[in-house]
Amino acid sequence: MTRSKKRKLLREQAPRRRAVTGSAPLISTAVLAAISTAQAQSPSPPTTGGLEEVIVTATKRSESLQDVPISIQALGTQKLEELHVSDFDDYAKFLPSLSYTTGGPGFARVYFRGVAAGDNGNHSGSQPSVGIYLDEQPITTIQGSLDLHMYDIARVEGLAGPQGTLYGASSQAGTVRIITNKPDASGFAAGYDLEGSVLEGGGGYVAEGFVNIPVSERAAVRLVGWATKTPGYIDNVPGTITYPTASAVAGRPITTNNAAYVKNNWNDTETYGARAALRIDLNDSWTITPQVMAQKQKNGGGFAYDPSLGDLRISRYRSEKFDDKWGQASLTVEGKIANLDLVYAASYLKRETTGDTDYSDYSYFYDVVYGSYLNSDTDVVNPSQYFLSDDRYQRWSQELRVSTDPSRRLRAVGGVFAQRQQHRIEQNYRVDALDPTLAVTGYPGTIWLTQQVRVDRDVAVFGELTWDFTDKLSLLGGFRWYDSDNTLQGYYGYSEAYSGSGNSGETLCSFQAGDARFDRSGWIPFGGAPCRNLNKGVKEDGVSPKVTLTYKFDSDRLVYATYSEGFRPGGANRRGTFAPYKSDTLFNYEIGWKSSWLGNRLRFNGALFHEDWDDFQFSFLGSNGLTNIVNAGGARIKGVEGDLSWAATERLMLGASVTFLNSELTKDFCESLDDTGLPLPPDQCAPTSFAPKGTELPIAPKFKGNVIARYTFPLASFEASLQGAFSYESRRRSALLPADEFELGGPNRAYGLADFSFGLGKDRFSFDLFIDNAFDKRADITRFAQCDEQICTHPFIITNQPRTWGLKFSQRF
């Protein structure tokens, strides 16, 4: 069968192939895929010596990766296992177009193609610019996407560039799709994996397994479970803080120490989870797949270290424990009406994160700058703060789409989408010895309370139409009409007795009600808070278009040109005097290619792109530590991305993938704001708040790439393998404003990480010995400081896991 005929057959069989695309290996179209697909589902290379064909569903259809005129990156089941991918951090390093910042597991902020301004991921901040999907359902939350344990996953698809027509508002710069393996009624299957690992902080383990059980000729159940422990590697070392202003007022040293919290390797992580899915073929045309999934993660401490104290050392004055638990239920209905394929997908996500976080650095800053000693001049207490957080998320989404016969010259996909995201926020900033008269009403010991409800709603109608002018030339046109309605209401601030400024807290409630201070008769109640001082909303609508022209030279080579737009809704600033921030738009101009050579032994894909980012949303901390969001003018990103996969021999597979970026501001930007909350003109801007035109954007490196080599060979009665992988990132700016970057200790340093593995397999058993981060290098993933430019004590760095040795045993039935 020729390759072109095989592709046509794939299109004709697309509806019934959706459940079996898990055999797809890793491939990166436009930026990734340095990891060759030939290693996909089988431990031995293909007998033909060629590369496996990869099926993806990024366009809401099952298609060959090489036929899709989009920059796609895909990691298949076998590749995820070969690279020992278990979480987001693991697969992110093999996607060159993807960059991120993080506060720890479950709090990653993801970016594509350098579309990043350095936002802080605050609960009242901007929506993400990259959407994360689990099968058909979006799972992105405001402060970070779910850190799903990666087991029994069919593939991870990374879509670089705006995906607004098919995936909506949170896919302004790209989309990541995690596709699970589905129940299969054709036969029983099961397996388990046991892993032990060792690093300097101690030992860890992974225990995971799955079972696929046919219950009839038309129905099957798939059950998956996992339990993991990752040892800590950050040491909380002894430290003391003396508060100068409080000490001067008290006439004695006001000092605190962390003796009660000193601990080596304190950031250990335990994760438990399960997934259950049922697939029922009602008849030859209709299938339903309900699925539930849940995961609980416990982190013993923070993931940052203080370079001034030495490698992987920090001094914190609380235990800094974090818990993250979530559950998701989904239903997918697939069917056929006449010649139309129909898919209905609905989901509900519930997540709760709780934390106990040290705030001593900010306490020191407040003491020095504001003289924030507490209670009275004759009763000065230790002003050390910590905060208890409880964030509760809920997300409902529904999508109904219809697609026509994909083998037709004129074909289309379109549908409607609706979702509602709700985030209940509570952050309780405490000083244990605080005078009760100064505490927020109803919250003893609380100096500042945030209790808010954020709701983001949007509905959309979308569609794409493709017309084949000839067998070689086709044109795609698409659009997405959206309507968003985002609100933020609740309480934030001090007690009326502690602060009478009227900018926040109880005093602001009185000011809004027209009450005299301490009158309180006009306060508006809100949940368990003293009153409501925040009630804002923003409504927007618009259209995001897409046009792609594709030319196929033959069945193995094509080029395409794309114009597309991505959008991100605006929202409300919780500071009452600040104007709302409006939506920002990304304009994408892209030329790409897909090509196979040497009888499908060599695959070379890539893209050139130019992106203009207008009125991009920029968040920063203002007075009282409140996050402010403004539209910061414009930026431009130019880049090239490419990947090469080569079956050098029937046993040697090689791959390389890279991304080069050149990003800069196209307008001067001032962080300082006028009385209405808008940026000041450049000539009135303080030097510490100014970024001139031409400033490089932060977070994303100018160069990111990886190389992977895998060699398989017989060894006695076993099939053996050797694999080496190396990923590299160049220096990255740590903040948009040069002054902020200086306070953070400079840019994020360049780094390279090397992983090696040796495997033995026989029949249904396999053993893998691996070493990750073999040369024990440190990655500057995120830099942050708990201060501002007036008094910045020291920056912190969140880094990667140190050198780790591991042994894994697997068995399949």
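Residues numbered from 1 in each chain as written. Predicted model: local features only at pLDDT ≥ 70, side-chain atom pairs only at ≥ 80, totals over all residues. Heavy atoms only, no water.

Let's hear about the overall build of the protein: which residues, and what values?
Of regular secondary structure, the protein possesses 9 helices and 47 strands. Taking 2.2 N^0.38 as the reference for a compact globule, 813 residues should give roughly 28 Å; the C-alpha atoms of the protein span a radius of gyration of 27 Å, in line with that estimate. Across its three principal directions, the C-alpha atoms of the protein cover 90 × 55 × 55 Å. Considering only residue pairs separated by 6 or more positions, the protein has 70% of its internal contacts joining residues 24 or more positions apart. For the protein, the exposed area adds up to about 30,200 Å²; of that, 57% sits on carbon and sulfur atoms. Seen as two clouds, the 83 positive and the 93 negative side-chain charges of the protein have centres 6 Å apart. (Helix = DSSP H or I, 4+ residues; strand = E, 2+ residues; numbered from the N terminus. Rg over C-alpha atoms; globule rule 2.2 N^0.38 Å. Contact = heavy atoms within 4.5 Å. Areas by Shrake-Rupley, 256 points an atom, 1.4 Å probe, with all protein chains shown as cover. Lys, Arg positive; Asp, Glu negative; His and termini not counted. Charge placed at Lys NZ, Arg CZ, Asp CG, Glu CD.)

Kindly report on the state of the cysteines, identifying the contributing residues and their values.
Tallied over the entire structure, the rule returns 2 disulfides. Between the sulfur atoms of Cys509 and its disulfide partner Cys531 the distance amounts to 2.0 Å. When the S-S torsion is 90 degrees, as for the bridge of Cys509 with Cys531, the disulfide is right-handed. Here the residue Cys509 occupies a position in helix H8 (residues 505-513), and Cys531 occupies one in the loop between H8 and strand E31 (534-554), the gap between them amounting to 22 residues. Given a relative accessible area of 0%, Cys531 falls into the buried group. Two residues share a disulfide in this structure: Cys670 and Cys685, whose sulfurs sit 2.2 Å from each other. Taking the torsion about the sulfur-sulfur bond, which here is approximately 90 degrees, the covalent link between Cys670 and Cys685 counts as right-handed. Taken together, the residues Cys670 in strand E39 (residues 669-670) and Cys685 in the loop between E39 and strand E40 (690-691) connect sequence positions 15 residues apart. Cys670 sits in the buried class, given a relative accessible area of 3%. Look at Cys685 and you get buried, because its relative accessible area is 14%. (Disulfide = S-S within 2.5 Å. Buried < 20%, exposed > 50% of the residue type's maximum accessible area, 1.4 Å probe, protein only.)

Can you break down the pattern of salt bridges residue by residue, with the values?
The full count for this structure, using the stated rule, is 50 salt bridges. Across the salt bridge formed by Glu82 and Lys79, the nearest N and O atoms sit 2.9 Å from each other. You can see Glu82 and its partner Lys79 sitting in helix H3 (residues 77-82), 3 residues apart, about one turn around the helix. For the pair Glu82 and Lys79, a shared accessibility class is recorded, and that class is buried. Here Glu320 ties to Arg316 by a salt bridge, and the two come within 3.4 Å at their closest N and O atoms. In this structure, Glu320 and Arg316 share a single accessibility class: buried. Shared partners join several salt bridges into a network, and the residues in it are Lys60, Glu136, Glu399 and Arg401. (Salt bridge = Lys/Arg side-chain N within 4 Å of Asp/Glu carboxyl O.)

Before we move on, could you go through helix H7 (residues 360-370) and cite the residues and values that matter?
Ser360, Asp361, Tyr362, Ser363, Phe365, Tyr366 and Asp367 are the residues of H7 that are buried. Once H7 finishes, Gly371 follows within two positions and takes phi at roughly 65 degrees, a positive value.

Can you tell me about the sheet that holds strand E46 (residues 796-798), naming the residues and giving the values?
Here we have 3 strands laid out as an open sheet, ordered E21-E46-E45, and antiparallel in their pairing. Of all the strands in the sheet, the pair left with one neighbour each is strand E21 (304-305) and strand E45 (782-784). (Pairing = 2+ DSSP bridges.)

Outline the packing of aromatic side chains, supporting the account with residue identities and numerical values.
Enumeration according to the criterion identifies 31 aromatic pairs in this entry. The structure contains a cluster of three or more aromatic residues connected by ring pairs, namely Tyr359, Tyr362, Phe365, Tyr366, Phe387 and Tyr429. Over the aromatic face of Phe107 sits the side chain of Arg351, whose NZ or CZ is 5.5 Å from the ring centroid. (Phe/Tyr/Trp six-rings, centres within 6.5 Å; stacked < 30°, edge-to-face > 60°. Lys NZ or Arg CZ within 6 Å of the ring centre and 35° of its normal.)

I'd like a description of the environment of Tyr348, backed by residues and values.
Position of Tyr348 relative to the elements: it lies in strand E24 (residues 340-358). Tyr348 gets classed as partly exposed once you look at its relative accessible area, which sits at 27%. Each C-alpha atom, one on Tyr348 and one on Gly761, is 40 Å from the other, the two residues being 413 residues apart in sequence. Setting aside residues no more than four positions away along its own chain, Tyr348 makes contact with Gly327, Gln328, Ala329, Gln394, Arg395 and Trp396.

So what's going on with unusual backbone geometry? Residues and values would help.
If you check the backbone angles, Asp135 has positive phi at about 55 degrees while not being a glycine. Along the chain, the position of Asp135 falls in the loop between strand E7 (130-134) and strand E8 (137-138). A positive phi is found at Asp152, a non-glycine position, where the angle reads about 55 degrees. Mapped onto the elements of the fold, Asp152 is located in the loop between strand E10 (144-145) and strand E11 (153-160).

Talk me through the nonpolar core; I want residue IDs and the actual numbers.
Ranked by size, the top nonpolar core spans 62 residues in total, and within it Tyr91, Leu98, Phe616 and Phe618 carry the most contacts. In this view, Phe618 contacts Ala117, Asn628, Ile629, Val630, Ala632, Phe669, Glu671 and Leu736; residues no more than four positions away in its chain are not counted. Judged by nonpolar contacts, the second largest core, of 20 residues, contains Tyr366, Val431, Ala439 and Trp448. (Core = buried A, V, L, I, M, F, W, Y, C linked by side-chain atoms within 4.5 Å.)

Before we move on, can you summarise the confidence of the model for the protein with the specific residues and values?
In this model, the protein carries an average pLDDT of 88, and 91% of its residues clear a pLDDT of 70 or more. Within the model, pLDDT remains below 50 along residues 1-48, and this stretch shows 176 contacts once partners closer than five positions in the same chain are excluded. (pLDDT = per-residue confidence, 0-100.)

Describe H8, with residues and values.
Those residues of H8 that fall on the buried side of the exposure criterion are Gly505, Glu506, Thr507, Leu508, Cys509 and Ser510. Buried residues along H8 sit in contact with strand E30 (473-493). Immediately downstream of H8, the backbone of Gly514 shows phi near 80 degrees, a positive value.

Describe the pairing of strand E41 (residues 703-715), listing the residues and the values that go with them.
Pairing of strand E38 (residues 652-665) with E41, which is carried by 9 bridges, proceeds in the antiparallel orientation. Pairing of Ala656 across the sheet is with Val707, part of E41. Where E41 lies against strand E42 (residues 718-729), 12 bridges are found, and the strand directions are antiparallel. Across the sheet, Tyr711 pairs through a bridge with Leu722, a residue of E42. Connecting E41 to the antiparallel partner E42 that follows it, the hairpin turn spans 2 residues, and Ala716 within it adopts a positive phi of roughly 55 degrees.

Tell me about the side chain of Lys182, residues and numbers included.
Looking at the secondary structure, you find Lys182 in the loop between strand E12 (174-180) and strand E13 (189-199). Of the polar contacts made by the side chain of Lys182, one reaches the side chain of Asp135; its length is 2.9 Å. A distance of 2.8 Å separates the side chain of Lys182 from the backbone oxygen of Thr180, its partner in a polar contact. (Polar contact = N/O pair within 3.5 Å; in protein donor to acceptor, adjacent residues only side chain to side chain.)

Go over a nonpolar patch on the surface, please, and point to the residues and values.
Side chains of Leu400, Val416, Val459, Val461, Phe479, Trp481 and Val543 sit close together on the surface and give an oily, nonpolar patch of about 540 Å² of accessible area. Contributing elements (two or more residues each) for the nonpolar patch: strand E29 (446-468) and E30. Considering the arrangement of structural elements, one finds Val459 in strand E29. Judged by its relative accessible area of 37%, Val459 falls in the partly exposed class. (Patch = residues over 30% accessible without salt bridge, like charges linked within 9 Å, V, L, I, M, F, W, Y side chains within 5 Å.)

Tell me about the pairing of E24, and please be specific about residues and values.
When you tally the buried positions in E24, you get 14 out of 19 residues, the bulk of the element. One ladder, built from 16 bridges, connects strand E23 (residues 322-337) with E24; its direction is antiparallel. Bridge pairing in E24 places Lys336 opposite Asp341. The antiparallel pairing of E23 with E24 creates a hairpin that spans 2 residues between the two strands, and Ala338 there sits at a positive phi of about 55 degrees. Of the strand pairs in this sheet, E24 and strand E27 (residues 386-403) are connected by 18 bridges, and their pairing is antiparallel. The residue of E27 that forms the bridge with Ser347 is Ser397.

How would you sum up the environment of Lys667? Please name residues and give values.
Tracing the sequence through the fold places Lys667 in the loop between E38 and E39. For Lys667, a relative accessible area of 47% corresponds to the partly exposed category. Each C-alpha atom, one on Lys667 and one on Arg636, is 9.9 Å from the other, the two residues being 31 residues apart in sequence. Beyond its immediate sequence surroundings of up to four residues, Lys667 is in contact with Gly633, Gly634, Ala691 and Lys693.

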